[in-house]
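Report on the structure
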Amino acid sequence: SFVWNDELLVGHPAMDDTHHEFVDCLNALLQAPNEGLLPALDAFIVHAQAHFGDEDEWMRSSEFPPRDCHIEEHAKVMASVHQVRQLLQEEGNVDVCRALAKALYDWFPAHVQQLDSALATWLVNRTHGGRPLVFRRKPTPAQA
């Protein structure tokens, strides 16, 4: 399973809320039984299109300098997701869908901590003239 944690915070409330939703949608996909994969994947697609669309627009409208590689990464993820959806729907290939979910699980934290955190810093600086503030809970001994 994939559970939201404070390490995914970037200090931009709209992005943090969207990232929390991403985790929830991805977790639903990871946990879905075989017969529930297509609806879970469709829900993920709806979320990801809106999520990446918002970020892409923020990058364009704010003239975020490294926007091209970030936007391209979003496009590649969506292309893969749509290919997997087609294989799942047409061939019933649950293994490729499960592999996609695992790949997204592995990809997302680094994407957030590297690319999205840089975007959040850029947006907050342009809006408020400073850096985002991120308050993270200390992990309990069981979480460490």
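Conventions we followed
- Residues numbered from 1 in each chain as written.
- Predicted model: local features only at pLDDT ≥ 70, side-chain atom pairs only at ≥ 80, totals over all residues.
- Heavy atoms only, no water.
- Phe/Tyr/Trp six-rings, centres within 6.5 Å; stacked < 30°, edge-to-face > 60°.
- Helix = DSSP H or I, 4+ residues; strand = E, 2+ residues; numbered from the N terminus.
- Buried < 20%, exposed > 50% of the residue type's maximum accessible area, 1.4 Å probe, protein only.
- Axes fitted to C-alpha atoms, helices over the stretch in contact; angles between N-to-C directions.
- Parallel < 35°, antiparallel > 145°, perpendicular 65-115°, else oblique.
- Nonpolar A, V, L, I, M, F, W, Y, C, P; charged D, E, K, R; others polar.

Summed over all chains, the structure comprises eight aromatic pairs. The interplanar angle of 70° and the centroid separation of 5.2 Å between the aromatic rings of Phe-22 and Phe-44 together place this pair among those described as edge-to-face. With Phe-22 in helix α1 (residues 13–31) and Phe-44 in helix α2 (residues 37–61), the pair connects residues that are 22 residues apart, well separated along the chain. For the pair Phe-22 and Phe-44, a shared accessibility class is recorded, and that class is buried. Centroid distance Phe-22 to Phe-108: 3.9 Å. Interplanar angle 15°. Geometry classified as stacked. Of this pair, Phe-22 sits in helix α1 while Phe-108 sits in helix α4 (residues 94–128), and the two are 86 residues apart along the sequence. You'll find Phe-22 and Phe-108 in the same group, each marked buried. What links up through ring pairs into an aromatic cluster is the set Phe-2, Phe-22, Phe-44, Phe-52, Tyr-105, Trp-107 and Phe-108.

Between α1 and α4, whose axes approach to 10 Å, the crossing angle comes to 175°. Regarding the angle of α1 to α4, the classification is roughly antiparallel. Looking at side-chain class alone, the contact of α1 with α4 contains 16 nonpolar, one polar and three charged residues.

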